[in-house]
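Inside the fold
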Amino acid sequence: MDALEQQRLKRILSDTRNIALVGASNRPERASYQVMEYLQQQGYRVYPVNPQLAGAVILGETCVSGLEDLDQPVQLVNVFRRGEFAADIALDAIEHEALCLWLQEGVISQAAAEAAAEAELEYVEDCCIKVAHRALLG
């Protein structure tokens, strides 16, 4: 990651207060649970999103089925889903007026990247937000 990309990610993380975590899990051994916990510890408000867990409480936050069910604005949508789902999530993030779509490590989607670019949405892919935060702001 070059210095310009580091600066961009640092700005995104610094400007973010509320995060929707798509693909949230209530299982502590899962990466999405650990990342949500870490982000909360860093002062972010994290809203879990997972249709299979809608209504469940994860780390003190009630899980919603989709971004359309959030009644709070989020600046960043963090995605823990396979790449083939990312384009639809990108469209939901745009509709929800998020400022950034962040795909976790291992998640890549050309269609999501194109949708984000067209909507002038900040876009990060194949990057763990927890690792990036620790490296840049930790």
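Look above for the structure.
In this report, we go over the structure that sits alongside the text. (Residues numbered from 1 in each chain as written. Predicted model: local features only at pLDDT ≥ 70, side-chain atom pairs only at ≥ 80, totals over all residues. Heavy atoms only, no water.)

Per the secondary structure count, the chain includes 5 helices and 7 strands. In sequence order, the chain lays out its α and β elements as α-β-α-β-β-β-β-α-β-α-β-α. Relative to the globule expectation of 14 Å for 138 residues, the C-alpha radius of gyration of the chain, 14 Å, shows essentially globular dimensions. Viewed in the frame of its principal axes, the chain has a C-alpha envelope of about 40 × 30 × 25 Å. Burial statistics for the chain: of 138 residues in total, 48% are counted as buried. Here the chain has roughly 7,200 Å² of accessible surface; of this, 45% comes from carbon and sulfur atoms. Taking the 11 positively charged and 21 negatively charged side chains of the chain as two groups, their mean positions are separated by 9 Å. (Helix = DSSP H or I, 4+ residues; strand = E, 2+ residues; numbered from the N terminus. Rg over C-alpha atoms; globule rule 2.2 N^0.38 Å. Buried < 20%, exposed > 50% of the residue type's maximum accessible area, 1.4 Å probe, protein only. Areas by Shrake-Rupley, 256 points an atom, 1.4 Å probe, with all protein chains shown as cover. Lys, Arg positive; Asp, Glu negative; His and termini not counted. Charge placed at Lys NZ, Arg CZ, Asp CG, Glu CD.)

Within the largest apolar cluster, 25 residues are counted, with the highest numbers of intra-cluster contacts made by Leu39, Trp102 and Ile129. Among the elements of the structure, helix 1 (3-15), strand 1 (18-22), helix 2 (31-41), strand 6 (100-103) and helix 5 (129-136) are those that each provide at least two residues to this core. Per-element tally for this core: the top contributor is helix 2, with 5 residues. Grouped together as the second largest cluster of nonpolar side chains are 23 residues, Leu67, Leu70, Val77 and Leu101 included. (Core = buried A, V, L, I, M, F, W, Y, C linked by side-chain atoms within 4.5 Å.)

Attention shifts here to the environment of Ser32. As for its placement among the helices and strands, Ser32 is situated in helix 2. Classification of Ser32 as buried rests on a relative accessible area of 5%. When the C-alpha positions of Ser32 and Leu76 are compared, they lie 15 Å apart, and in sequence the two are 44 residues distant. Look past the residues within four positions of Ser32 in its chain and what remains in contact with it is Leu21, Gly23, Ala24, Ser25 and Phe80. A polar atom in the side chain of Ser32 sits 3.3 Å from the backbone nitrogen of Ser25. (Contact = heavy atoms within 4.5 Å. Polar contact = N/O pair within 3.5 Å; in protein donor to acceptor, adjacent residues only side chain to side chain.)

Here we come to unusual backbone geometry. Although it is not a glycine, Leu59 adopts a positive phi angle of roughly 50 degrees. Here Leu59 lies in the loop between strand 3 (57-58) and strand 4 (61-62). Unlike most non-glycine residues, Glu120 shows phi in positive territory, near 60 degrees.

The subject of this paragraph is the packing of helix 1 against helix 5. Two elements in contact, helix 1 and helix 5, have axes separated by 10 Å at closest approach and are oriented at 100 degrees. Relative to helix 5, helix 1 is oriented roughly perpendicular. Residues Gln6, Leu9, Lys10 and Leu13 of helix 1 lie in contact with helix 5, whose contacting residues are Ile129, Ala132, His133 and Leu136. Residue classes in the contact of helix 1 with helix 5 are distributed as 5 nonpolar, 2 polar and 1 charged. (Axes fitted to C-alpha atoms, helices over the stretch in contact; angles between N-to-C directions. Parallel < 35°, antiparallel > 145°, perpendicular 65-115°, else oblique. Nonpolar A, V, L, I, M, F, W, Y, C, P; charged D, E, K, R; others polar.)

Moving on: the sheet that holds strand 7 (residues 122-124). Ordered by their spatial adjacency, 5 strands build an open sheet running 2-1-5-6-7, and the pairing between neighbours is parallel. Two strands in the sheet have a free side with no partner beyond their single neighbour: strand 2 (45-49) and strand 7. The sheet shows a mean angle of 15 degrees between the axes of neighbouring strands, direction not considered. In the sheet, strand 1 pairs with strand 2 via 5 bridges, with the strands oriented parallel. (Pairing = 2+ DSSP bridges.)

Remember that the coordinates give geometry; whether it matters functionally is a separate question.
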